[in-house]
Amino acid sequence: MQVIFSQNASTQSLLTVINGILDESIERKKGEIPHRVVYLLRKVVQEIERRLCIQAEHIRNQNTIIKTREEKYLSKIKALQVLVNGTNEENQMTVNLLQVVKEEKSQIEERQKLSEQNVVRLIKEKENAENMIASLKEEMEVMEKRNRLHEKNVVQLIEEKESDENMISSLKEKMEEMNSLHEQNVGRLIKEKEDGQNMISRLKEEMEEMNRLHDQNAHQLIKEKEDGQNMISSLKEEMEEMNRLHKQQLDQFEIKTKQMEEKLATKVKEFELHVLRSNMKIEEVETTYQQKSQLWNKKENIFHNYMNSQQLYVKGLNISSRSIKSDMYAFQMKWRDEMSNLGSNLKCLVDAADNYHKVLAENQKLFNEVQELRGNIRVYCRVRPFLPGQDKQSTTIDYIGESGELLISNPLKQGKDGQRMFKFNKVFSSFASQADVFSDTQPLIRSVLDGFNVCIFAYGQTGSGKTYTMSGPSTSKKDWGVNYRALNDLFDISLNRRNIFSYEVGVQMVEIYNEQVRDLLSNKVAQKRLGIWSTSQPNGLVLPDASLYPVKSTSDVLDLMEIGLANRAVGATALNERSSRSHSILTVHVRGVDVKTGSISRGCLHLVDLAGSERVERSEATGDRLKEAQHINKSLSALGDVIFALAQKNAHVPYRNSKLTQVLQSSLGNRLFTC
Ligand SMILES: Nc1ncnc2c1ncn2[C@@H]1O[C@H](COP(=O)(O)OP(=O)(O)OP(=O)(O)O)[C@@H](O)[C@H]1O
């Protein structure tokens, strides 16, 4: 054992040892595996399970360490990203500032350009004004030329008038000549005179017409002359006006030009000032920009250095992570190898477990056969020590044999009659501990899980120690009675078998008081009287109406027992100040399902605390107590009859003589053990 469970022993060596043990026992014992070896195998399997659990835990721990490292790296990378983002934002801000400065600079340049354009425009306007003045001068010259032409025309008209007057005078001379001719030719031309007169009248008419025309012409010419003069005067006036206007305009232009020049000069000065300021500002901005860019360069350098160091760090981390990964990989490979080894070993174990299953079934069969050979009904005797105040000298026990012999002496009788020998399966002396008493009953608990019905009860007169033996004087583990120890074993064994069988455990607790069965786990104890089914139900229940509580552990059962005991009928007798006045039966129903085959087994464990079996006259009971005692004694003698009939293997067993034997019938027949 020590070799096998040494901490240093490898799993492989454990498996080798198991295989060795199994081979040896199969070879030597023809397939039968002794109980000790089975126990050993179970321990080894548990050890392997434990190691697997530790290894799995170790892997889980490694995984969590790696995960935390990964999270750490991720958070660092995030921090670096945040830093990079922050620097980018600052750079962005500077770029934005530069952009603003550039925009301002471009605006100033645009304004400068605009002012230059304004200067150019003003110069152009000045040139235009000068051109206008020049054109006005030219127009004035043209007007003067036109005046001169007018004057020429007037002179020409005067000359024409003079020529017309000359013509008139010549015509007058001609007329006078003609008159003279007429006069000269008066005679000669009488006929011609008329003609001449006509001609004269015609000529006169013509002359008048001519005169009229001439007058008209003269009038027209005079009018034209007047018009011309008017025109000349108006032109002159216009000219003067124009000259005046021109002068005014010129003056205005000159004033405007001067003003414009002044304005231009001031504007140019302003612009120059503005440009100067802008230049200064640009210089300032440029210097701040340079300073900032220097600062940023510095920061960039620092950041670059930091980034380089971080990159180096990250590289280092990467290298370490790679090394961890490779370690992990190696570790995983190692574990894979080990797991595959374990898998193959487990396969062997599964095969072995299969065999173990068969061997276990065989073992169960053998075990129960052994138990049956030891007797289906076993009777143990426990001698209660004297209670404080009792006379130790008045003992009647003469001898307790190793094989269950008990020699009782009766001081009142003489000779052979004075001594009586009893034979039990075993006799426990007054020095026997609770554990000693349970040791012989213990193997039967296993049988309950194998589908047998086991009934354990204490029989004896009031005060003989039934409750002490069954329940124990206190709840400390040392004092535990048969009940607690049996339940503890039941759950322990079911836990150990969990890979082979799945067990469901349920508890019922009833009392038989005055031949009436009452449910001790029901809230309405007083009202509920239960019927007994003569043949047990498919679910194994003789009392189907009694409360059945599923339980998972001993403490669950103990809790239920406490409730049941609180509901129990007790009373004081002359022999025991708190005597049980009823039989209490705690039944633990076990339903086991074979995990592999699915086959179901049912077993039950009756833990019976019988009422005191004293003689009625000795208990000095009367009235209700007398009635109780009569019922108790009747049922106890019925139980005695049944056990006697079973022990004698009689054809008829009188189960129906009492409620107690009816309830316990399923555990007092075949496939049962009774203590
Ligand atoms: N083995 C023992 N060692 C020490 N004291 C004991 C032992 N057995 C019984 N006693 C004591 O004897 C007294 C009576 O025991 P107990 O109440 O168990 O008797 P009982 O048979 O259950 O009585 P009843 O039938 O009236 O319920 C108790 O005080 C108990 O502590």
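The model shown is predicted, which means the values in this text are computed figures rather than measured ones.

1. Notes on the overall build of the chain
Alright, step 1. In terms of regular secondary structure, the chain is built from twelve helices and 14 strands.
Alright, step 2. Across the 675 residues of the chain, 34% fall into the buried class.
Alright, step 3. Sequence-distant contacts in the chain: of pairs separated by 6 or more residues, those separated by 24 or more amount to 68%.

2. Digging into the side chain of Asn483
Alright, step 1. Locating Asn483 in the fold gives a position in helix 8 (residues 482-496).
Alright, step 2. Leaving out residues up to four positions away in the same chain, Asn483 has contacts with Met470, Ser471, Met561 and Leu607.

3. Focus on a negative patch on the surface
Alright, step 1. Among the surface-exposed residues, Glu159, Glu160, Glu162 and Glu165 lie close enough to one another that they form a single negatively charged patch.
Alright, step 2. Turning to its location among the elements, Glu159 is positioned in helix 3 (residues 35-184).

4. Topic: helix 8
Alright, step 1. Compared with an ideal rise of 1.5 Å per residue, which puts 15 residues at 21 Å, helix 8 spans 21 Å between its outermost C-alpha atoms and is within 8% of the ideal.
Alright, step 2. The buried count for helix 8 comes to twelve of 15 residues, which makes it a mostly enclosed element.
Alright, step 3. Restricting attention to buried positions, one finds in helix 8 the residues Val482, Asn483, Tyr484, Arg485, Ala486, Leu487, Asn488, Asp489, Leu490, Phe491, Ile493 and Ser494.

5. Quick notes on the nonpolar core
Alright, step 1. Judged by nonpolar contacts, the single largest core of 39 residues is most densely connected at Leu586, Val588 and Leu605.
Alright, step 2. Taken together, the elements giving at least two residues each to this core come down to helix 5 (434-439), helix 6 (442-449), strand 6 (453-458), helix 8, strand 7 (501-513), helix 9 (554-566), strand 12 (583-594) and strand 13 (600-609).
Alright, step 3. Tallying contributions element by element places helix 8 first for this core, with seven residues.
Alright, step 4. Beyond its immediate chain neighbours, meaning those up to four positions away, Leu586 contacts Leu487, Val507, Gln508, Met509, Val557, Met561, Leu605, His606 and Leu607.
Alright, step 5. With 25 residues, the next largest nonpolar core counts Val510, Ile585, Ala611 and Val663 among its residues.

6. A short note on the side chain of Asp450
Alright, step 1. Here Asp450 shows up in the loop between helix 6 and strand 6.
Alright, step 2. Only 2.8 Å separates the side chain of Asp450 from the side chain of Arg497, close enough to count as a polar contact.

7. A word on the packing of helix 8 against helix 9
Alright, step 1. Relative to each other, helix 8 and helix 9 sit at 145 degrees, their axes nearing to 9 Å. Our pair here, helix 8 against helix 9, has a crossing hand that is right-handed. Counted together, Asn483, Tyr484, Leu487, Asn488 and Phe491 of helix 8 and Thr554, Val557, Leu558 and Met561 of helix 9 form the full contact between these two elements.
Alright, step 2. Here the contact of helix 8 with helix 9 is built from residues that sort into six nonpolar, three polar and no charged.

8. Notes on the sheet that holds strand 3 (residues 405-409)
Alright, step 1. Taken together, three strands build an open sheet; the order of strands is 2-3-4 and the sheet is antiparallel. Edge strands, defined here as strands with exactly one partner in the open sheet, are strand 2 (397-400) and strand 4 (419-423). Across the sheet, the mean angle separating the axes of adjacent strands is 15 degrees when strand polarity is ignored.
Alright, step 2. In this structure, strand 3 lies alongside strand 4, joined through five bridges in antiparallel fashion. Of the residues in strand 4, the one forming a bridge with Ser409 is Gln419.

9. Some remarks on the pattern of salt bridges
Alright, step 1. One pass over the structure, following the stated rule, counts seven salt bridges.
Alright, step 2. Between Arg60 and Glu57 there is a salt bridge whose closest N-O contact spans 3.0 Å. Of this pair, Arg60 and Glu57 both sit in helix 3, three residues apart, which is roughly one turn of that helix.
Alright, step 3. Under the relative-accessibility criterion, Arg60 is labelled partly exposed at 47%.
Alright, step 4. Looking at Glu57, the relative accessible area reads 36%, which means it is partly exposed.
Alright, step 5. For the salt bridge of Arg591 with Glu504, the shortest nitrogen-to-oxygen distance reads 3.4 Å. Of this pair, Arg591 sits in strand 12 while Glu504 sits in strand 7, placing them 87 residues apart in sequence.

10. A few points about the confidence of the model for the chain
Alright, step 1. Scored by pLDDT, the chain comes out at a mean of 77, with 80% of its residues at no less than 70.
Alright, step 2. The element-level mean pLDDT for the chain is lowest in helix 1 (residues 2-5), coming to 45, with strand 5 (residues 426-428) highest at 93.

11. Some details on unusual backbone geometry
Alright, step 1. One non-glycine residue, Asn514, adopts positive backbone phi at about 50 degrees.
Alright, step 2. Structurally, Asn514 is set in the loop between strand 7 and strand 8 (516-519).
Alright, step 3. Even without being glycine, Lys649 reaches a positive phi, approximately 55 degrees.
Alright, step 4. With respect to the element layout, Lys649 can be found in the loop between helix 11 (623-647) and helix 12 (659-663).
Alright, step 5. When its relative accessible area of 74% is taken as the criterion, Lys649 is described as exposed.

12. A look at the packing of aromatic side chains
Two descriptors summarise a pair of aromatic rings, namely the distance from one centre to the other and the angle between the planes of the rings.
Alright, step 1. Applying the stated rule across the entire model yields four aromatic pairs.
Alright, step 2. Each ring, one from Trp480 and one from Tyr484, has its centre 6.3 Å from the other, and the planes form 80 degrees; the classification is edge-to-face. As far as burial versus exposure is concerned, Trp480 and Tyr484 are alike and both buried.
Alright, step 3. Residues Phe501 and Tyr503 carry aromatic rings whose centres are separated by 5.7 Å and whose planes lie at 35 degrees to one another, so their mutual orientation is tilted. In this pair, the class of Phe501 matches that of Tyr503, namely buried.
Alright, step 4. The side chain of Lys299 reaches across the aromatic face of Trp296, ending 4.5 Å from its centre.

13. Brief notes about the pairing of strand 2
Alright, step 1. Of the pairings in the sheet, the one linking strand 2 to strand 3 comprises three bridges and is antiparallel in character. Paired with Tyr399 across the strands is Leu407, a residue of strand 3.

14. Some thoughts on the packing of helix 6 against helix 8
Alright, step 1. Put simply, helix 6 and helix 8 touch, their axes get as near as 9 Å, and they point 50 degrees apart. Classified by the interaxial angle, the pair formed by helix 6 and helix 8 is oblique. Helix 8 is crossed by helix 6, and the crossing has right-handed handedness. Contacts between helix 6 and helix 8 involve Gln442, Ile445, Arg446, Val448 and Leu449 from the former and Ala486, Asp489, Leu490, Ile493 and Ser494 from the latter.

15. Some words on a nonpolar patch on the surface
Alright, step 1. Where nonpolar side chains cluster on the molecular surface, the patch consists of Met167, Met210 and Leu213 and spans about 240 Å² of accessible area.
Alright, step 2. We classify Met210 as partly exposed; its relative accessible area is 35%.

Rules behind the numbers
- Residues numbered from 1 in each chain as written.
- Predicted model: local features only at pLDDT ≥ 70, side-chain atom pairs only at ≥ 80, totals over all residues.
- Heavy atoms only, no water.
- Helix = DSSP H or I, 4+ residues; strand = E, 2+ residues; numbered from the N terminus.
- Buried < 20%, exposed > 50% of the residue type's maximum accessible area, 1.4 Å probe, protein only.
- Contact = heavy atoms within 4.5 Å.
- Patch = residues over 30% accessible without salt bridge, like charges linked within 9 Å, V, L, I, M, F, W, Y side chains within 5 Å.
- Areas by Shrake-Rupley, 256 points an atom, 1.4 Å probe, with all protein chains shown as cover.
- Salt bridge = Lys/Arg side-chain N within 4 Å of Asp/Glu carboxyl O.
- Lys, Arg positive; Asp, Glu negative; His and termini not counted.
- Charge placed at Lys NZ, Arg CZ, Asp CG, Glu CD.
- Expected span 1.5 Å × (residues − 1).
- Core = buried A, V, L, I, M, F, W, Y, C linked by side-chain atoms within 4.5 Å.
- Polar contact = N/O pair within 3.5 Å; in protein donor to acceptor, adjacent residues only side chain to side chain.
- Axes fitted to C-alpha atoms, helices over the stretch in contact; angles between N-to-C directions.
- Left-handed = near helix turned anticlockwise from the far one by under 90°.
- Nonpolar A, V, L, I, M, F, W, Y, C, P; charged D, E, K, R; others polar.
- Pairing = 2+ DSSP bridges.
- pLDDT = per-residue confidence, 0-100.
- Phe/Tyr/Trp six-rings, centres within 6.5 Å; stacked < 30°, edge-to-face > 60°.
- Lys NZ or Arg CZ within 6 Å of the ring centre and 35° of its normal.
- Parallel < 35°, antiparallel > 145°, perpendicular 65-115°, else oblique.

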